[in-house]
Amino acid sequence: MGPGPINVHPRVLRTMGADMLGQFDPEMTDYMNQTMALYRQVFMTGNRWTFLIDGSARAGIEAALTSLIEPGAKVLLIRSGRFGMLLGEIAERLGAEIASIDLEWGQVASLEQIESALAEHRPAVFAAIHGDTSTTTAQPLEGVGALCRKYGALSYVDATATLGGMAVRTDEWGIDIVSAGLQKCMGGPPGSAPITVSDRAAEFIFSRRKVESGIRRDDIHDGTRPFIRSNYFDLAMIMDYWSEKRLNHHTEATSMLYAARECARIALEEGLENRFARHEAAGRAMTDGLRALGLTLYGQDAYRMTNVTGVYVPEGVDGERVRTRMREEYQIEIGTAFGPLAGKIWRIGAMGYNAEPHKIRLTLAALGEILATV
């Protein structure tokens, strides 16, 4: 019951036991096409380029930023928690010129702040975190894509912690690239990063394509812009692999494809709006229960993620000792924190397979009992 990874849905665990398929086996490529179609619905988009990056959620972040950021390009970031800061770390390694909207941890940027920064810095790329589990805070994104287009920036959003639990309205928000992971609200294991790319962003990315010499073909050509500086995270070649061209870029992680496909099938069978409502109800039950225990919540209710709740460690209480007892006595894991919040708050999740009333009640009862005896 921490900020992730969470317990994997049993259906997902079972499907991962299926045998391997060759990467160009017709059954395998059919699964790839099915997965693309499923995640278009999960991302709430019509984007053709909706697929998987092999690797944890951070692989999706790296692939997006590596493919969008040319050396020396200006990047505008919102930095108000650990993962917003991570975007800056990656952009710096890519040789970007970084501008930022720097806020106190747990705060969100207004549309006015975002537009002011876009107008001042005129970045090539704007990047933000939708739900930052380090602060349990969700950044509003409605209208952000339109502002980025107004000022000529491509937009990227990391939705690792929210996809499948909070609405990620890719097309409605007008975001060019959104990436995520399976290990949070999608109820899967870490190791696969769903991603969706707009036609606008795809055109730019293909202009940076550099086809590996050993697999070069007459029907696939290099781009005209500075090429993408990573081979593994080259979205142009990865998209050619997922397209009808089937460029032999890498061997798809077959078991993770099975897992990602099943995660999406489960989410869509439940219905996205029903799923969002279930996570909202779970988050509300968690916040109400923590307050009933006399605890003080971290952050603002208006911008609180529905699936992870920050709560202050009571004064005089050893937070790590409480976490240890929760795990050893009740087999329940809750999260610690990072940076300026380290040792000050616990982060308690209720997402995916665990966003259920009985699991929330058990977590609250265990926490209450332990706090009564510390």
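Structural data are supplied above this passage.
Residues numbered from 1 in each chain as written. Predicted model: local features only at pLDDT ≥ 70, side-chain atom pairs only at ≥ 80, totals over all residues. Heavy atoms only, no water.

Caption draft 1: Quick look at the overall build of the chain. Along its length, the chain carries 13 helices and eleven strands. On the principal axes, the C-alpha backbone points of the chain span a range of 70 × 55 × 30 Å. Evaluated residue by residue, the chain yields a buried proportion of 59% over its 374 residues. Of the roughly 14,900 Å² of accessible surface on the chain, a fraction of 49% belongs to carbon and sulfur atoms. (Helix = DSSP H or I, 4+ residues; strand = E, 2+ residues; numbered from the N terminus. Buried < 20%, exposed > 50% of the residue type's maximum accessible area, 1.4 Å probe, protein only. Areas by Shrake-Rupley, 256 points an atom, 1.4 Å probe, with all protein chains shown as cover.)

Caption draft 2: View of the packing of aromatic side chains. Evaluation of the coordinates by the stated rule reveals seven aromatic pairs. Pairing phenylalanine 24 with tyrosine 241 gives two aromatic rings, centres 6.2 Å apart and planes at 85°, and the pair type is edge-to-face. Of the two residues, phenylalanine 24 is situated in the loop between helix H1 (10–15) and helix H2 (26–42) and tyrosine 241 in helix H9 (residues 235–242); the sequence distance between them amounts to 217 residues. For tyrosine 241, a relative accessible area of 0% gives the class buried. Between tyrosine 298 and tyrosine 312, the ring centres sit 5.9 Å apart and the planes meet at 75°, which makes this aromatic pair edge-to-face. (Phe/Tyr/Trp six-rings, centres within 6.5 Å; stacked < 30°, edge-to-face > 60°.)

Caption draft 3: Inspection of the sheet that holds strand S7 (residues 154–158) at higher detail. An order of S1-S9-S8-S7-S4-S2-S3 is seen for the seven strands of this open sheet, with the pairing classed as mixed. Two strands in the sheet have a free side with no partner beyond their single neighbour: strand S1 (49–54) and strand S3 (97–102). Each adjacent strand pair in this sheet contributes to an overall mean axis angle of 20°, direction not counted. Looking at chain direction, strand S8 (residues 177–179) and strand S9 (residues 192–197) are connected through three bridges and run antiparallel. In the sheet register, serine 179 faces S9, and the bridge partner there is isoleucine 195. (Pairing = 2+ DSSP bridges. Axes fitted to C-alpha atoms, helices over the stretch in contact; angles between N-to-C directions.)

Caption draft 4: Inspection of H9 at higher detail. When you tally the buried positions in H9, you get eight out of eight residues, the bulk of the element. Among all positions in H9, only Leu235, Ala236, Met237, Ile238, Met239, Asp240, Tyr241 and Trp242 are buried. With a side-chain oxygen lying 2.9 Å from the backbone nitrogen of alanine 236, the N-terminal cap of H9 falls on aspartate 234. (Polar contact = N/O pair within 3.5 Å; in protein donor to acceptor, adjacent residues only side chain to side chain.)

Caption draft 5: Representation of the environment of alanine 201. If you trace the backbone, alanine 201 turns up in helix H8 (residues 199–206). Remark: the alpha-carbon pair of alanine 201 and isoleucine 175, spanning 26 residues in sequence, is separated by 9.6 Å. In this view, alanine 201 contacts Leu154, Asp176 and Ile177; residues no more than four positions away in its chain are not counted. (Contact = heavy atoms within 4.5 Å.)

Caption draft 6: Geometry of the nonpolar core. Core analysis: the largest hydrophobic core is formed by 89 residues, its most contacted members being Tyr39, Phe51, Ile53, Ile177, Val197 and Leu235. Ranked by residue count, the leading element in this core is helix H10 (residues 254–270), at nine residues. The residues touching isoleucine 53, leaving out its near neighbours within four places in the chain, are Ala59, Gly60, Ala63, Ser192, Ala193, Ile195, Phe233, Leu235 and Ile238. With 22 residues, the next largest nonpolar core counts Val311, Met326, Ala350 and Ile360 among its residues. (Core = buried A, V, L, I, M, F, W, Y, C linked by side-chain atoms within 4.5 Å.)

Caption draft 7: Highlighting the packing of H10 against helix H11 (residues 272–292). Relative orientation of the contacting elements H10 and H11 amounts to 90°, with a least axis distance of 5 Å. By the angle class used here, H10 and H11 are roughly perpendicular. In this structure, H10 uses Ile266, Ala267, Leu268 and Glu270 to contact H11, whose residues at the interface are Leu272, Asn274, Arg275 and Arg278. Counted by class, the contact of H10 with H11 contains four nonpolar, one polar and three charged residues. (Parallel < 35°, antiparallel > 145°, perpendicular 65-115°, else oblique. Nonpolar A, V, L, I, M, F, W, Y, C, P; charged D, E, K, R; others polar.)

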